[in-house]
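Structural overview
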Amino acid sequence: MDQWERDQIRSANDGLRSTLNSMQNDFEREIGELGELQHKLAALKVRATTPSDLARVTINGSGMVTEIEIADDAYRRSTPRQLTEELNAAIRGGVEAVTQARAKLLEPFQSVIDGMADLDEVMPGMPSMRELRRQFSEFPQPEQ
């Protein structure tokens, strides 16, 4: 191997080292901020009220219903069917609001992640993490 080939290999190694160092620095910075994000996500709650104010639901940051409060006079002011339909509407609205709030909280992290080099860009032949994430995000949505 001559000097030119060694210089080419050294240059490629330096470029790879620089890219990996940059990725590691970005990753460590984001991990440092992750604790605060986890606290915000854990504290995230949305309260939604039914259209006729028959009930209120609380949805946590995971999109789970954690509380349902039915008005004392709900059974006089509505039918079981109406109450069910309104509860379902409030739950859907609450889940949608939590989804939007989560996306807003995660937005800064997502932009950093999207800007980072993917494994297959740094080391040809490695799997693409973006492609895996895309595949997992394309699960069919349940029908309403």
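See the structure printed just above.
This report concerns the structure included in the present document. (Residues numbered from 1 in each chain as written. Predicted model: local features only at pLDDT ≥ 70, side-chain atom pairs only at ≥ 80, totals over all residues. Heavy atoms only, no water.)

Our focus in this paragraph is the layout of surface pockets. Quantified by volume, the second largest pocket comes out at close to 170 Å³. The class makeup of the residues in the lining of the second largest pocket is four nonpolar, four polar and one charged. (1 Å grid on protein atoms, 1.4 Å probe; cavity = no way out; pocket = protein on both sides within 12 Å on 5 of 7 lines; lining within 4 Å. Points joined across faces, edges and corners; volume = space filled by probe spheres on them. Nonpolar A, V, L, I, M, F, W, Y, C, P; charged D, E, K, R; others polar.)

What follows covers the pattern of salt bridges. Inspection of every chain in the model, using the stated rule, returns eight salt bridges. In this structure, R56 and D53 form a salt bridge, with 3.7 Å as the shortest nitrogen-oxygen distance. You can call R56 partly exposed: its relative accessible area is 32%. Between D73 and R77 there is a salt bridge, with the nearest N and O atoms lying 3.2 Å from each other. By relative accessible area, which is 25% here, D73 ends up partly exposed. By relative accessible area, R77 is classed as partly exposed at 40%. Counted as one network, the salt bridges with shared partners bring together R47, D53, R56 and E69. (Salt bridge = Lys/Arg side-chain N within 4 Å of Asp/Glu carboxyl O. Buried < 20%, exposed > 50% of the residue type's maximum accessible area, 1.4 Å probe, protein only.)

What follows concerns the sheet that holds strand 2 (residues 55–60). The strand order across the open sheet formed by three strands is 1-2-3, and the pairing between neighbours is antiparallel. Pairing within the sheet leaves two strands with one partner each, and these edge strands are strand 1 (45–49) and strand 3 (65–70). Within the sheet, the average angular offset between the axes of one strand and its neighbour, ignoring direction, is 15°. Bridging between strand 1 and strand 2 involves five bridges; their strand directions are antiparallel. Bridging across to strand 2, V46 finds its partner in I59. (Pairing = 2+ DSSP bridges. Helix = DSSP H or I, 4+ residues; strand = E, 2+ residues; numbered from the N terminus. Axes fitted to C-alpha atoms, helices over the stretch in contact; angles between N-to-C directions.)

Turning to a nonpolar patch on the surface, a few remarks are in order. A contiguous nonpolar surface patch, about 380 Å² in accessible area, is contributed by V65, I68, I70 and Y75. If one sorts the elements of the nonpolar patch by residue count, strand 3 sits on top with three residues. Locating V65 in the fold gives a position in strand 3. (Patch = residues over 30% accessible without salt bridge, like charges linked within 9 Å, V, L, I, M, F, W, Y side chains within 5 Å. Areas by Shrake-Rupley, 256 points an atom, 1.4 Å probe, with all protein chains shown as cover.)

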